[in-house]
Amino acid sequence: MSAQELAQLEFIFKKVDADGGGTLDADELKEAFGDEFGAKLMADLDADGDGELSLEEFTTNAASVYGGDLSKNIAQMQINCKV
Ligand SMILES: [Ca+2]
Ligand SMILES: [Ca+2]
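Keep in mind that what you see is a predicted model, and the values were worked out from it rather than measured.

Student: Can you help me understand the overall build of the chain in this one?
Tutor: Broken down by element type, the chain carries five helices and two strands. For the C-alpha atoms alone, the extent of the chain along its principal axes is close to 30 × 25 × 25 Å. Here the chain holds 83 residues, and 23% of them are scored as buried. Look at the contacts in the chain between residues 6 or more apart in sequence, and 55% of them connect residues 24 or more apart.

Student: Any chance you could explain the environment of glutamine 8 here in plain terms?
Tutor: For glutamine 8, the location among the structural elements is in helix α1 (residues 3-16). For glutamine 8 and glycine 67, which are 59 residues apart along the polypeptide, the C-alpha to C-alpha distance reads 16 Å.

Student: What exactly am I supposed to notice about the nonpolar core here?
Tutor: For soluble globular proteins, the rule of thumb is that nonpolar side chains tend to be buried together. Ranked by size, the top nonpolar core spans 16 residues in total, and within it Leu9, Phe13, Val16, Leu24, Leu29, Leu45 and Phe58 carry the most contacts. When contributions to this core are tallied by element, the ones reaching two or more residues are α1, α2 (26-33), α3 (35-45), α4 (55-66) and α5 (70-80). The dominant element in this core, judged by the number of residues it contributes, is α1, at four residues. Other than its neighbours up to four places away in sequence, leucine 24 contacts Phe13, Val16, Asp17, Leu29, Glu52, Leu53 and Phe58.

Student: Can you help me understand the environment of methionine 1 in this one?
Tutor: Examined against the element boundaries, methionine 1 turns out to sit in the segment before α1. Given 17 C-beta atoms within a 10 Å radius, methionine 1 is considered partly exposed. Beyond its immediate sequence surroundings of up to four residues, methionine 1 is in contact with Leu6, Ala63 and Leu70.

Student: Help me out: how do you make sense of the environment of phenylalanine 33 in this one?
Tutor: The topology assignment puts phenylalanine 33 in helix α2. By the C-beta count within 10 Å, which is 24 here, phenylalanine 33 ends up buried. Sequence separation between phenylalanine 33 and lysine 82 is 49 residues, and the spatial gap between their C-alpha atoms is 6.4 Å. Sequence-distant contacts of phenylalanine 33, defined by excluding residues within four places in its chain, comprise Gly38, Leu41, Met77, Asn80 and Cys81.

Definitions and cut-offs
Residues numbered from 1 in each chain as written. Chains lettered and ligands numbered in written order. Predicted model: local features only at pLDDT ≥ 70, side-chain atom pairs only at ≥ 80, totals over all residues. Helix = DSSP H or I, 4+ residues; strand = E, 2+ residues; numbered from the N terminus. Buried ≥ 20, exposed ≤ 12 C-beta atoms within 10 Å, placed from the backbone. Contact = placed C-beta atoms within 7 Å. Core = buried A, V, L, I, M, F, W, Y, C linked by C-beta atoms within 7 Å.

Right, dumping it as structure tokens:
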């Protein structure tokens, strides 16, 4: 993951974290990305299964889960993000 990709993910994370609590819950993801894509992100990235994404899960897991498709997935998040 490049420094630019990390910065993009951190920027998206802060926008989506509507309550500023430092984690993204299912409602925040669906509010920002729509039901389908929001649920996909939770399913893909919530490694510990607690129903919330920490900043570390959102960034580190995106890099490991999406691998070579990371930049494509970041672009998709940016396009879909409604907040
Ligand atoms: Ca939150
Ligand atoms: Ca989690």
